[in-house]
Amino acid sequence: MKLARAIHFDESDTRVFHNPARTGEWCISGGFEFSNWSDADLSGKARQAFANGWLGCETFGRVTFVAITRIEPAEREMLANLLAQHFVDIYGAPSLEAARNVALEELSQMADLCDEHDANTLLTVARELTQAGVRESYRAIEAQAAGLEQFAIHAELDDPHH
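Quick notes on the rules
- Residues numbered from 1 in each chain as written.
- Predicted model: local features only at pLDDT ≥ 70, side-chain atom pairs only at ≥ 80, totals over all residues.
- Heavy atoms only, no water.
- Helix = DSSP H or I, 4+ residues; strand = E, 2+ residues; numbered from the N terminus.
- Buried < 20%, exposed > 50% of the residue type's maximum accessible area, 1.4 Å probe, protein only.
- Contact = heavy atoms within 4.5 Å.
- Areas by Shrake-Rupley, 256 points an atom, 1.4 Å probe, with all protein chains shown as cover.
- Phe/Tyr/Trp six-rings, centres within 6.5 Å; stacked < 30°, edge-to-face > 60°.
- Pairing = 2+ DSSP bridges.
- Axes fitted to C-alpha atoms, helices over the stretch in contact; angles between N-to-C directions.
- Parallel < 35°, antiparallel > 145°, perpendicular 65-115°, else oblique.
- Left-handed = near helix turned anticlockwise from the far one by under 90°.
- Nonpolar A, V, L, I, M, F, W, Y, C, P; charged D, E, K, R; others polar.
- Salt bridge = Lys/Arg side-chain N within 4 Å of Asp/Glu carboxyl O.

Draft legend 1. Region of the structure containing the overall build of the protein. Helices and strands together make up the secondary structure of the protein, namely five helices and seven strands. Start at the N end of the protein and walk to the C end: the helices and strands fall as β-α-β-α-β-β-β-α-α-β-β-α. Of all 162 residues assigned to the protein, the portion counted as buried reaches 41%. Nonlocal contacts in the protein, meaning residues at least 24 apart in sequence, comprise 69% of its contacts between residues at least 6 apart. Of the accessible surface of the protein, which amounts to about 8,700 Å², a share of 50% is contributed by carbon and sulfur atoms.

Draft legend 2. Local environment of the packing of aromatic side chains. What the rule picks out here adds up to eight aromatic pairs. Judged by centre distance (5.5 Å) and plane angle (80°), the ring pair of Phe 9 and Phe 65 falls under edge-to-face. Of this pair, Phe 9 sits in the loop between β1 (2-7) and α1 (12-16) while Phe 65 sits in strand β5 (residues 65-70), and the two are 56 residues apart along the sequence. Judged by its relative accessible area of 36%, Phe 9 falls in the partly exposed class.

Draft legend 3. Geometry of the sheet that holds strand β4 (residues 62-63). Taking strand neighbours across the sheet as the criterion, the seven strands line up as β4-β3-β2-β1-β5-β6-β7 in an open arrangement whose pairing is antiparallel. Here the strands that pair on one side only, and so sit at the sheet edges, are β4 and β7 (133-141). With nine bridges connecting them, strand β6 (residues 122-130) and β7 associate as antiparallel partners. Note on β7: the bridge partner recorded for Val 125 is Tyr 138.

Draft legend 4. Spatial organisation of helix α2 (residues 44-52). Turning to α2, its buried residues are Ala 46, Ala 49, Phe 50 and Ala 51. Along its buried surface, α2 packs onto β4, β6 and β7.

Draft legend 5. A look at the packing of helix α3 (residues 73-91) against helix α4 (residues 96-115). At their nearest, the axes of α3 and α4 sit 8 Å apart, and the two run at 125° to each other. Here α3 lies oblique to α4, going by the angle between them. Crossing hand, α3 versus α4: right-handed. Contacts between α3 and α4 pair Arg 76, Glu 77, Leu 79, Ala 80, Asn 81, Leu 83, Ala 84, Gln 85, Phe 87 and Val 88 from the former with Leu 96, Ala 99, Arg 100, Val 102, Ala 103, Leu 104, Glu 106, Leu 107, Ser 108 and Ala 111 from the latter. Of the residues in the contact of α3 with α4, the class split is 13 nonpolar, three polar and four charged.

Draft legend 6. Looking closely at the pairing of β5. The pairing of β1 with β5 spans six bridges and is classified as antiparallel. Residue pairing across strands places Ile 7 opposite Phe 65, the latter belonging to β5. Where β5 lies against β6, two bridges are found, and the strand directions are antiparallel. Looking at the pairing, Val 66 lines up with Leu 123 of β6.

Draft legend 7. Main features of the pattern of salt bridges. Counted under the stated rule, the structure contains seven salt bridges. A salt bridge links Arg 5 to Glu 75, with the shortest nitrogen-to-oxygen separation between them at 3.3 Å. Highlighted residues: Arg 5 in strand β1 and Glu 75 in helix α3, separated in sequence by 70 residues. The exposure class of Arg 5 is buried, given its relative accessible area of 6%. For Glu 75, a relative accessible area of 7% corresponds to the buried category.

Structure representation (structure tokens):
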């Protein structure tokens with residue numbers, strides 16, 4: 001199974017997002033954060049997070065680019081637990097069990113998006129408010145086109161730097 005990790009090419013995310021994701025953390029779309037937003041909410045750094053930000057699953061910060069890589073089942077379980085706790089703490093989910101089902105669905109949607117691309121492919125997200133709610137679209141940039149070989153992310157579970 002594949003998922004995507006936050007990747008930075010420069011410091012721009014630290015300037016455009018209130019809370020930038022950490023390089024290397026696993027990410028999902030995180031569009032659920034904007035489900036009740038209106039045009040009035042879309043200004044400054046909040047607008048940037050809405051328009052182009054992936055959600056980091058550890059810091060719950062935002063990032064512009066993610067790179068696809070393989071994820072181990074144990075890492076997926078850890079992410080489901082982190083997301084479930086986030087849904088309870090921030091969104092008032094009634095229980096960790098109920099929240100875990102939503103977390104697994106979010107991870108599955110991201111995995112489905114990633115599985116159709118090769119490892120090290122970059123993804124960007126673009127969101128807009130429509131009459132029907134938030135619409136997301138995705139763009140893939142192949143590793144060869146991006147010159148990503150030197151940026152490939154190969155983290156281990158016991159790596160103290162990740």
